Amino acid sequence: MDKKTFVNLGRVDQIALGHGRCFVVGGEEIAVFRLRDGKLAAVENRCPHRQGPLSEGLLGSGKVVCPLHGHKFDLASGEGMEKGECVRTFEVREQDGEIILDFSAGG
Amino acid sequence: MQKRLVIIGNGMAGARAAEEILKRAPEMFKIVMFGAEPYGNYNRILLSNVLNQSQRPEEIFLNPLTWYRENGIFLYSGVKAVRIDTALRCVVGYPLPAEVNAYDFCDGLFDREAVVTEPYDHIIIATGSRPFVPPIEGQNLPGVFLFRTIDDCRRIGEFAAGCRKAVVIGGGLLGLEAARGLLTHNVEVTVVEAGGQLMHAQLDEESGQMLKRTMEAMGISVVVNSRTKRIRHDDGKITGLEFQDETSVEADMVIISAGIRPITEVAQVSGITVNKGIVCDDRMRTNVPEVFALGECVEHRGKMYGLVDPIWEQARVLADIVTGTDPQARYEGSKTATKLKVMGVDLVSVGVKEAEKPSDETVVYREPKRNIYKKVIIRDEKIHGAILLGDTGSADTLLQMFKTGQDVPANRPELFFGTVEGPALVNAADLPDHAQICNCNGVCKKEIVAAIQNDHCRSVSAVGARTKAGKGCGSCRGMIAQIIESCLGKVSYDAAEHYYVPGIPLEKSQLVAQVRAKNLKSVSAVFAAFAGGKEDADSKVGLASLLKTLWPGEYEDERDARFINDRVHANIQRDGTFSVVPRIYGGVTTPDELMRIAGVAVKYQVKMVKITGGQRIDLLGVQKPVLPLIWKELGMPSGHAYTKAFRTCKSCVGTDFCRYGLGDSIKLAQTIERRFQGVESPHKMKLATAGCPRNCSEAYVKDIGAVAIGEDKWEIYIGGAAGGTVRKGDLLCTARGHEETVRVIGRFMQYYREHAKYMERTYGFVGRVGIDVLKSVLIEDSLGICARLDARIQEAVEAYRDPWREAQEPAYEHQFAGPKRISLAEG
């Protein structure tokens with residue numbers, strides 16, 4: 001195995017369609033989203049602004065909106081709409097109905 | 001033994017005097033009233049609404065016949081009092097013959113056999129006034145009418161059905177109201193005024209001319225400087241009017257509205273001093289002991305009044321004196337204001353219309369293109385007179401200043417345009433770079449200027465998109481516009497500013513029409529129809545709110561279109577925990593509820609228990625998975641303290657315990673809250689009821705407030721605010737009883753739900769739409785939509801379901817799931 005660390009987070013249907021959910025992987029909070037088109041996305045859970053839980057945010061056009069102050073982040077790149085803000089993203093995919101997250105050490 | 005009080009006249013003055021007396025001493029008198037009109041008492045001010053068909057006759061009654069019975073008043077209805085026999089101490093009256101008007105001179109017409117005599121200890125004369133009819137040839141022809149009673153309105157309406165052209169003689173207040181009313185009967189209307197301008201008593205020449213243009217723009221022809229000589233006819237059928245200068249106009253019917261004269265015969269023949277009117281002193285007494293008078297028949301200190309305000313004031317003094325409640329009470333004259341009640345014309349006039357002394361100061365604002373004219377006459381720093389035409393937004397304030405004799409602001413424009421709140425008193429262009437403009441989002445001027453100069457933002461919304469300035473409460477948007485203007489010379493507007501939500505290029509009314517036409521019942525369906533399926537996160541919540549309003553009970557609820565608060569029915573806090581606020585109707589709880597609340601707070605180690613501003617109990621710092629557990633144990637419904645919906649109706653203790661309470665504010669608050677709980681709206685709605693105008697529950701500054709003023713009457717204020725913006729609500733109407741109060745409140749709510757922009761609080765909405773428009777639509781039903789609004793809000797009420805029942809049956813799996821821990825060891 002190379003540096004990639006794949007983690008099985010469990011069944012896809014533990015996240016409601018169109019919603020997100022927070023997973024704590026090795027002590028790190030990660031927001032995993034199940035988009036309306038069935039795709040998955042994952043970013044670090046805490047908004048860099050005031051640590052709002054992004055897993056509780058609204059989704060739309062490939063972005064998540066932080067529930068506390070409305071800061072927005074692109075789910076693919078992690079780039080924020082506010083200058084200088086971005087969140088870490090994770091590769092995530094569905095395999096046989098399970099969520100597989102690439103949680104690479106130190107990534 | 002009860003004393004016998006006879007009131008001659010059953011108009012607004014007579015009935016008001018009776019009410020005031022009953023309020024002070026319900027058992028003191030045996031009251032008998034003579035009313036020449038065969039009805040209960042009605043609001044004569046609203047006759048123009050009856051004529052213009054916006055109200056039915058039965059809607060303008062103040063006291064129906066049952067009121068007299070319930071209050072032990074004997075009413076001789078349709079009986080005219082003609083004489084007071086001061087020797088025998090009785091009032092003599094006769095039944096009014098059919099087809100004779102209450103205000104007619106009819107001495108020779110009575111059936112002397114049918115005489116009525118009524119003994120008295122005290123008398124109140126409130127005979128009012130009759131229309132003045134100038135000497136015009138042909139005034140008794142069929143098709144010539146006066147405009148004074150409900151019967152007049154009915155006859156005018158009936159006759160107009162067969163007419164093409166109507167002429168109103170008299171360009172005063174009543175004449176113009178009659179003219180506007182006639183328009184609704186599909187006749188061409190001409191107003192003929194003998195003098196040089198309209199509303200000579202209330203307007204100066206300039207505003208009189210402007211009003212003429214306004215009336216003409218509504219399709220009413222106006223002829224001034226024309227004294228009518230005769231009404232022409234062809235074998236009894238009216239053909240037109242001939243003026244003294246030999247010119248003429250065509251007409252099929254004529255309404256004479258040339259002013260009023262007091263009705264004083266009953267006083268005159270009874271030895272009571274009559275000058276122009278029945279002469280009264282400051283205690284409303286005539287020269288004959290035990291005979292009082294009030295209203296339009298009275299001359300007080302040489303002045304006569306033709307308005308209602310003086311009647312209310314006179315009735316209070318009269319009641320204080322006649323009951324002995326306050327023997328020192330005195331009426332010292334009224335400061336009057338006139339408001340033209342013509343649909344489509346805003347006009348208010350108070351006090352004098354021209355400066356009278358060289359030291360009087362006149363401040364004028366004109367906008368001839370839009371027919372707006374505002375003038376204030378100031379004497380010794382107080383308002384001495386004012387005219388507002390075309391825009392009466394500041395009328396309430398001016399009137400208040402005028403009546404209370406308050407000093408006018410040193411900055412005179414505030415008289416017309418109000419106070420610009422807070423920091424906007426200074427021009428934003430003069431502020432230093434580091435000055436914070438948007439306090440919600442902490443944006444300073446430098447950042448806004450950078451967005452304008454470097455990022456080419458030209459509109460307030462563009463600046464907002466770039467910097468977040470103005471995206472919070474929005475109260476700084478005016479200052480942002482000032483900064484743009486100082487940088488670029490002008491402010492641009494982008495169409496998107498008017499979109500209901502940013503992701504759908506439609507303004508609210510267009511969006512509503514399209515959603516209805518295409519039968520779109522879910523947020524995703526709306527995105528599919530108008531945005532190519534592109535789901536905009538910033539638009540979801542607004543759309544969800546709108547759809548739920550449009551399709552009560554049928555809305556397809558997609559939970560991912562909801563903000564987190566509405567997914568879990570709790571308010572997210574800065575640390576990601578939630579708050580729990582159970583519903584406590586009207587702010588009244590029980591020891592049992594308190595014990596349950598305390599029980600869950602202890603059991604689930606709630607971090608803080610806080611009493612809220614809305615008279616609720618807030619349990620703070622609750623983790624999401626615990627929410628349903630707490631709800632179940634509380635056994636109380638959701639207080640909705642997390643969503644854009646009806647929130648709370650707080651109250652004072654009202655009549656239950658308070659010494660000052662005039663109305664049962666607690667019961668009303670509970671009724672309101674049980675009815676409207678959970679009703680969604682463009683923004684939150686916080687209500688209050690107050691048992692008296694002391695306003696302990698702050699009803700004047702709530703989204704909707706009901707304030708008791710006695711006799712189960714409630715003033716309904718809308719658009720109040722006491723948050724980032726402070727605004728006293730505007731008086732929508734005075735409702736009678738809880739049922740009517742609740743109905744009017746619901747009607748306004750529905751209108752707000754349908755017409756406000758998303759996230760627009762009622763204060764913004766009411767300010768934007770204007771209280772006069774809201775009164776016209778919601779009270780006078782000028783658009784004929786009140787019944788529909790009432791039905792719609794009823795549907796919303798019926799669609800209510802306590803969201804906390806999802807504790808038992810979650811709406812979807814993992815609704816309340818917390819973070820899931822994954823151990824890396826197995827990976």
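As the structure is a computational prediction, the values presented were derived from the model and not from experiment.

A look at the domain arrangement of chain B
Where interface size is given, it is often the accessible area lost as the parts come together that is meant. One can read the domain layout of chain B as domain 1 (3–130 + 261–323), domain 2 (144–258), domain 3 (346–417), domain 4 (422–498), domain 5 (508–562) and domain 6 (644–802). Relative placement of domain 2 of chain B and domain 5 of chain B: their C-alpha centres are 51 Å apart.

Quick look at the nonpolar core
Residue and element names in this part refer to chain B. Among the nonpolar cores identified, the biggest contains 55 residues, and Phe34, Ile123, Ile124, Ile125 and Leu294 are the most heavily contacted of them. No other element matches helix H8 (residues 308–323), which puts nine residues into this core. With residues up to four places along the chain from it excluded, the contact list for Ile123 reads Leu5, Val6, Ile8, Ile84, Val91, Glu290, Val291 and Phe292. Ile60, Ala178, Leu340 and Leu347 belong to the second largest nonpolar core, which has 39 residues in total.

Remarks on helix H21 (residues 665–676) of chain B
All names here are of chain B. The first and last C-alpha atoms of H21 sit 16 Å apart over 12 residues, in line with the 16 Å expected at 1.5 Å per residue. Taken together, the buried positions of H21 are Ser665, Ile666, Leu668, Ala669, Ile672, Glu673 and Phe676. End-on, the buried residues of H21 take up no more than an arc of 165°, which puts them together on one face. Downstream of H21 by one or two residues, Gly678 has phi in the positive range, about 80°.

Observations regarding the pairing of strand S27 (residues 382–389) of chain B
Residues and elements named next belong to chain B. The buried fraction of S27 is high, at six of eight residues. Looking at chain direction, strand S24 (residues 347–351) and S27 are connected through five bridges and run antiparallel. Considered in S27, the bridge of Val348 is made with Leu388. As defined by bridge partners, strand S26 (residues 372–379) adjoins S27 across seven bridges and the pair is classed as antiparallel. In the sheet register, Lys374 faces S27, and the bridge partner there is Leu388.

Structural notes on the sheet that holds strand S40 (residues 730–736) of chain B
Sheets are built from strands that pair by backbone hydrogen bonding, the pairs being arranged parallel or antiparallel. Residues and elements named next belong to chain B. Strand order in the open sheet formed by five strands is S34-S35-S36-S37-S40, and the pairing between neighbours is mixed. Whereas interior strands pair on both sides, the edge strands pair on one side only; in this sheet they are strand S34 (646–651) and S40. Between one strand axis and the next, the sheet turns by 20° as a mean value, whatever way the strands run. As judged from the four bridges shared by strand S35 (residues 685–690) and strand S36 (residues 704–710), these two strands associate in the parallel manner. By the bridge assignment, Thr689 is partnered in S36 with Ala706. The strands touched by H21 are S34, S35, S36 and strand S37 (713–718); relative to S34, the strand with the most contacts, the crossing angle is about 170°.

Definitions and cut-offs
- Residues numbered from 1 in each chain as written.
- Chains lettered and ligands numbered in written order.
- Predicted model: local features only at pLDDT ≥ 70, side-chain atom pairs only at ≥ 80, totals over all residues.
- Heavy atoms only, no water.
- Domains from an automatic or database assignment.
- Core = buried A, V, L, I, M, F, W, Y, C linked by side-chain atoms within 4.5 Å.
- Buried < 20%, exposed > 50% of the residue type's maximum accessible area, 1.4 Å probe, protein only.
- Helix = DSSP H or I, 4+ residues; strand = E, 2+ residues; numbered from the N terminus.
- Contact = heavy atoms within 4.5 Å.
- Expected span 1.5 Å × (residues − 1).
- Arc of directions from axis to C-beta.
- Pairing = 2+ DSSP bridges.
- Axes fitted to C-alpha atoms, helices over the stretch in contact; angles between N-to-C directions.

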